[in-house]
Every structure is written in structure tokens, then in C-alpha cells.
Amino acid sequence: MRGKLIAAVVATALAFSMSACAEDSDPGTSSDSSAGAGGATTIKSGLKVAFLPKQVNNPYFDTSDNKGGKVAVDEFKGTYSETGPSEASPSAQVSYINTASQQGVNVIAVSANDKDAICGALNEARQNGAKVVTYDSDTKPECRDLFINQATTEGIAKIQVKLISDAIGADGGEIAILSATANATNQNAWIAQMKTELAKPEYSKLKLVDTVYGDDDDQKSFQEAQGLMAKHPNLKGIISPTTVGIAAAGRYLSGSTYKGKVQLTGLGTPNQMKAYVKDGTVKAFALWNPADLGYLAAYAGAALASGIIKGKEGDKFTAGKLGDFTVGKDGTVLLGDPYTFKADNIDQFNF
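Residues numbered from 1 in each chain as written. Predicted model: local features only at pLDDT ≥ 70, side-chain atom pairs only at ≥ 80, totals over all residues. Heavy atoms only, no water.

1. Observations concerning the overall build of the protein
Right, so step 1: Within the protein, the regular secondary structure consists of 11 helices and 14 strands.
Right, so step 2: Sorting the 351 residues of the protein into buried and exposed places 55% on the buried side.
Right, so step 3: Taking the contacts inside the protein whose residues are at least 6 apart along the sequence as the reference set, 72% of them involve residues at least 24 apart.
Right, so step 4: As presented, the protein carries roughly 13,700 Å² of accessible surface, and 48% of it is formed by carbon and sulfur atoms. (Helix = DSSP H or I, 4+ residues; strand = E, 2+ residues; numbered from the N terminus. Buried < 20%, exposed > 50% of the residue type's maximum accessible area, 1.4 Å probe, protein only. Contact = heavy atoms within 4.5 Å. Areas by Shrake-Rupley, 256 points an atom, 1.4 Å probe, with all protein chains shown as cover.)

2. Brief notes about the packing of helix H4 (residues 94–102) against helix H5 (residues 119–127)
Right, so step 1: At a minimum axis distance of 9 Å, the contact between H4 and H5 shows a crossing angle of 5 degrees. It follows that H4 is roughly parallel to H5 by the angle criterion. Taking contact as the criterion, the partners of Val 94, Ile 97, Asn 98 and Ser 101 in H4 are, on H5, Ala 121, Leu 122, Glu 124 and Ala 125.
Right, so step 2: By residue class, the composition of the contact of H4 with H5 is five nonpolar, two polar and one charged. (Axes fitted to C-alpha atoms, helices over the stretch in contact; angles between N-to-C directions. Parallel < 35°, antiparallel > 145°, perpendicular 65-115°, else oblique. Nonpolar A, V, L, I, M, F, W, Y, C, P; charged D, E, K, R; others polar.)

3. Here's the deal with the environment of Ala 284
Right, so step 1: As for its position among the elements, Ala 284 is in strand E10 (residues 284–287).
Right, so step 2: Here the alpha-carbon distance between Ala 284 and Gln 263, two residues 21 residues apart in the chain, equals 9.7 Å.
Right, so step 3: Once you skip the residues sitting within four places of it in the chain, Ala 284 turns out to touch Leu 163, Leu 264, Thr 265, Thr 340, Phe 341 and Lys 342.

4. A closer look at the sheet that holds strand E2 (residues 79–82)
Right, so step 1: If you walk across this open sheet you meet the six strands as E2-E1-E3-E4-E5-E13, and the pairing is parallel. Two strands bound the open sheet, and with one partner strand each, they are E2 and strand E13 (332–334). If you compare each strand with its neighbour and ignore which way they point, the axes differ by 20 degrees on average.
Right, so step 2: Alignment of strand E1 (residues 48–52) against strand E3 (residues 107–110), held across four bridges, turns out to be parallel. What sits directly across from Leu 52, in E3, is Val 110. (Pairing = 2+ DSSP bridges.)

5. Looking at the state of the cysteines
Right, so step 1: One pass over the structure, following the stated rule, counts one disulfide.
Right, so step 2: Note that Cys 119 is cross-linked by a disulfide to Cys 143, the S-S spacing being 2.0 Å. Disulfide Cys 119-Cys 143: torsion about the S-S bond near 95 degrees, hence right-handed. Here Cys 119, found in helix H5, pairs with Cys 143, found in the loop between strand E4 (131–135) and strand E5 (146–149); they are 24 residues apart in sequence, far enough to count as distant. Summarising the burial analysis for this pair, Cys 119 and Cys 143 share the class buried. (Disulfide = S-S within 2.5 Å.)

6. Observations concerning the side chain of Ser 179
Right, so step 1: Along the polypeptide, Ser 179 turns up in strand E6 (residues 173–179).
Right, so step 2: We classify Ser 179 as buried; its relative accessible area is 0%.
Right, so step 3: A polar side-chain atom of Ser 179 sits 2.9 Å from a polar atom in the side chain of Gln 187. (Polar contact = N/O pair within 3.5 Å; in protein donor to acceptor, adjacent residues only side chain to side chain.)

7. A few points about the pattern of salt bridges
Any two side chains of opposite charge can pair, given that their charged atoms come close.
Right, so step 1: Tallying each qualifying case throughout the model produces 13 salt bridges.
Right, so step 2: Linking Lys 70 and Asp 74 is a salt bridge whose minimum nitrogen-to-oxygen distance equals 2.9 Å. Residue Lys 70 and its partner Asp 74 are located together in helix H3 (residues 59–75), separated by four residues, close to a single helical turn.
Right, so step 3: Given a relative accessible area of 31%, Asp 74 falls into the partly exposed group.
Right, so step 4: Between Asp 279 and Lys 259 there is a salt bridge whose closest N-O contact spans 4.0 Å. Residue Asp 279 is found in the loop between helix H10 (270–278) and E10, and its partner Lys 259 is found in the loop between helix H9 (243–254) and strand E9 (263–266); the two are separated by 20 residues along the sequence.
Right, so step 5: Judged by its relative accessible area of 30%, Asp 279 is partly exposed.
Right, so step 6: With a relative accessible area of 34%, Lys 259 lands in the partly exposed category. (Salt bridge = Lys/Arg side-chain N within 4 Å of Asp/Glu carboxyl O.)

8. What to know about the environment of Thr 326
Right, so step 1: You can see Thr 326 is positioned in strand E12 (residues 324–326).
Right, so step 2: For Thr 326, a relative accessible area of 39% gives the class partly exposed.
Right, so step 3: Once residues within four sequence positions are removed from consideration, Thr 326 is found in contact with Gly 314, Asp 315, Lys 316 and Thr 332.
Right, so step 4: Within the local environment of Thr 326, its side chain forms a polar contact with the side chain of Lys 316, the two groups lying 3.2 Å apart.

9. Some details on the pairing of E3
Regular strands show a simple pattern: their side chains alternate between the two faces of the sheet.
Right, so step 1: Residues Val 107 and Ala 109 line one face of E3 and the alternating positions Ile 108 and Val 110 line the opposite face, and both faces are buried.
Right, so step 2: Relative to E4, E3 runs parallel, the two being bridged by four bridges. Bridge pairing in E4 places Val 110 opposite Thr 134.

So, to be careful, I would describe these as geometric facts and stop short of saying anything about function.
Right, here's the structure in full:
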């Protein structure tokens, strides 16, 4: 699976150097699935697909939605839209979900700011005929039809703890976590698993001393990184499992006396982090390909709306260039394993 993901990352990165366009082949042909549980085998033309990220004008979601979701929707000849709040907060997405439902969209793809707060609105949209796919951050399973998981919680936690341990070295020391919002489902799951990982004997010299929240706001994340150093003068490393947070922390550390002394890792995009890798602020960081995540979410939603699958465990569908996927437990579809970016490979990517 790792090889498949890396190949997909490279292919997508190369594609970003050109304008995104639909494939020449008939999109209906690429979506055929002989194993679909819903009876249909071809994605319907003209589906309305609305992407609702945690917040708009966020580089991560610009990539997942506009360079992934939109490309997929164009391929199967649907109508794409993106809308959402400018700030990530638990209930900010509710009004946008209601509007999408009232507009009669066929698919709502949403990255949840809170696993509970938007459930009522999502279930009402489902009652009105929309298929709901969560991606990046999930709701409760009963509030959606499918969850597109970028990587397993265990995989994400393991790679981040290993990277900070490798960066700090054998002597270990104090570390902290700079997260997004306090209610973000994915962030909290990753943090909980990182704590489990840190309890292993091989990480006994690492001590987690604080977790702070930048709310996926650049300036607040910058200030929280700054605050961590004031509060913990012996801090040796920061893990930021959010693209906004890691970039803001990188910017702070690179211009401070802590550059090279306090290690930073987490989840980021190559274009955001390239300068900090090259100037020595960051040794390595990880991420899946967000464009592939949005692309897969769009195809999964289209398969649901077309009756190719029902969202049950064992259902199979084809997601364009990414190939075949199978629905797992609790209506989850896994994109793949995280990928590590570092100085010797970061120039190969452009997203």
C-alpha cells in the first residue's frame, strides 16, 4: 500500500505543474465497478458535489478540495462547489450544510470541526437526499455515509513520534504538541494515540509537557509556539499535527534563537515547509497527499449517489486514477500510509 501511495503522490505532484483538466477517457468508464453493492455500475452525470472544509482559504484544504475534489468532479462531469466558514469552530459549518441541503446537492463532503456539533444538520441533509462523506476529520459514524480516512490513527501517531525522537536524538527531553482546535476529531484521536506511543520503552526519554491549540489560525499558532518556549525553556521538540500549526511554528523557530535547538515535526505540505527544511529548522515531517484525499472523497460520494455502493463494509468502487477501494468497518475508506518529506526528496513535490 505504501508503494501505491508514494506513486500516487508523485503522479499528483507532477500534475500540479500543469493546469488541472479532465481525463480524455469517458468518466463513466473509469467509474465502472462490477463488485458494487448498489446495483449500478456507472457514476451518474451531472451530480452536484459540495465540499465543506473546516475553514476556507486554508492551504491544506485549497489543495484537497480544489486540486483534488474538483479534478475528480470534473472527470465524472459533475458540478463542483466549495463553501465553508473562515474560522474553524465547532458549530460554524452548520449554516453551510443547511444551505447545501436546501440547494439540492447530491453529495456533501465535509471535514468536521466537531464530531457532534454538525450531526443534526448532516442527518437532515441526508433525509433530504444528500449523501454525506466526511474526509480528513470524522463525525460520529451515524451522521454520515462514509469517512475517507487519510491514514490510520496509529500510523499517523507512530510516524510523528518517531520523527521527533529521531530529530532530538538519544538523549530525549521535553516535547509539546501544537494542535488545531480543541474539538477537532482527528487531532484528538492522533494526540491520544501519540500518548500511547510515547509510553513505549523506546521513547522513555521523551516527556510530553504540554498541548496547546492554535485553532488552525496562523497568527494564533505562531503565538502558541512562542508561548511554549516561554513556558518551557528546556523544551527540545514540538509536534504539530496540523498544516497551519507546523508552518507557523516553523516560521517562529526559523527566526528565533531556538532554530536548530528545538526540533519541529508534524503534518505539513511540501510547499509550506520547503524553506524550513532547507534552512535546517525542520529535519523531516509527514503527510498523505491532500489532493488524493479530496479526489477520493469526491469519487466515494459519487459512487454513493449513483447507487454503485451503499457504504457498507465490503462494498467496492473505483476512484479514477487512484484505482480500486473497499469500504471497511464503520463505513471507513483508507487512502493509505503517511509519507515522510525531508531534504533529499522535498524538491520532487509541488503542493
